[in-house]
Amino acid sequence: MLNWRVQVESLHVSLLGISGAISNKDHDTTSLVIRGSSFSALIDCGGSPLQKIQRVNIDPLKLDAVIITHRHPDHIYGLPSLLQGLGLLKRKKELRLF
């Protein structure tokens, strides 16, 4: 069992997508970033994750974790794009996947 705890004084939530399983021209599938003073985590990974993370002023190289809530395609299809993009940006920091 993984034990990953982070103590934060405040927590910020940025919605990256709010659509259901089918995205449309205005909304992508559900995903969000949570940020504390010492960590940030992407929860679920729809399309164009790097672009969306940068749009809410988060440096993708500082992302600490990706949390996938379940394995439906609309929650994971952006993960290969995220990993490739981070590699192209020469990320060296460990990225935890849950």
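Cut-offs and rules
- Residues numbered from 1 in each chain as written.
- Predicted model: local features only at pLDDT ≥ 70, side-chain atom pairs only at ≥ 80, totals over all residues.
- Heavy atoms only, no water.
- pLDDT = per-residue confidence, 0-100.
- Helix = DSSP H or I, 4+ residues; strand = E, 2+ residues; numbered from the N terminus.
- Patch = residues over 30% accessible without salt bridge, like charges linked within 9 Å, V, L, I, M, F, W, Y side chains within 5 Å.
- Areas by Shrake-Rupley, 256 points an atom, 1.4 Å probe, with all protein chains shown as cover.
- Salt bridge = Lys/Arg side-chain N within 4 Å of Asp/Glu carboxyl O.
- Pairing = 2+ DSSP bridges.
- Core = buried A, V, L, I, M, F, W, Y, C linked by side-chain atoms within 4.5 Å.
- Buried < 20%, exposed > 50% of the residue type's maximum accessible area, 1.4 Å probe, protein only.
- Contact = heavy atoms within 4.5 Å.

1. Things to note about the confidence of the model for the protein chain
Per-residue pLDDT for the protein chain averages 87, and the proportion of residues at 70 or more is 93%. Here helix α2 (residues 73–76) stands out as the element of the protein chain with the lowest mean pLDDT, 87, in contrast to strand β4 (residues 65–67), whose mean of 97 is the highest.

2. Brief notes about a nonpolar patch on the surface
Taken together, the side chains of L11, V13, L15 and I18 define a hydrophobic patch exposed on the protein surface, amounting to about 400 Å² of accessible area. With respect to the helices, strands and loops of the structure, V13 is situated in strand β1 (residues 12–17).

3. Structural notes on the sheet that holds β4
Strand order across the open sheet formed by five strands is β1-β2-β3-β4-β5, with mixed pairing between neighbours. The open sheet has two edge strands, β1 and β5 (96–97), and neither has a second partner. In this structure, β4 lies alongside β5, joined through two bridges in parallel fashion. Directly across from V66, in β5, lies its bridge partner L97.

4. Some details on the nonpolar core
V33, L42, C45, I53, L63, V66 and L82 are the most contacted members of the largest nonpolar core, which has 14 residues in total. Those elements giving two or more residues to this core turn out to be α1 (49–55) and α3 (79–88). For this core, the element with the highest residue contribution is α3, accounting for three residues. Setting aside anything within four residues of it in sequence, one finds L63 in contact with S40, A41, L42, I53, L82, R91, K93 and L95. Within the second largest apolar cluster, six residues are counted, among which are L32, I34, F39 and A41.

5. With respect to the environment of S23
Along the chain, S23 turns up in the loop between β1 and β2 (31–35). Look at S23 and you get partly exposed, because its relative accessible area is 37%. Expressed as a C-alpha distance, the spacing of S23 and G46, which sit 23 residues apart in the sequence, is 9.5 Å. Apart from the residues lying within four places of it in its own chain, the contact partners of S23 are D28 and T29.

6. Focus: the pattern of salt bridges
One pass over the full model with this rule turns up one salt bridge. One salt bridge connects D64 with K93, and the closest N-O pair in it is separated by 2.6 Å. With D64 in the loop between α1 and β4 and K93 in the loop between α3 and β5, the pair connects residues that are 29 residues apart, well separated along the chain. Judged by its relative accessible area of 14%, D64 is buried. When its relative accessible area of 39% is taken as the criterion, K93 is described as partly exposed.

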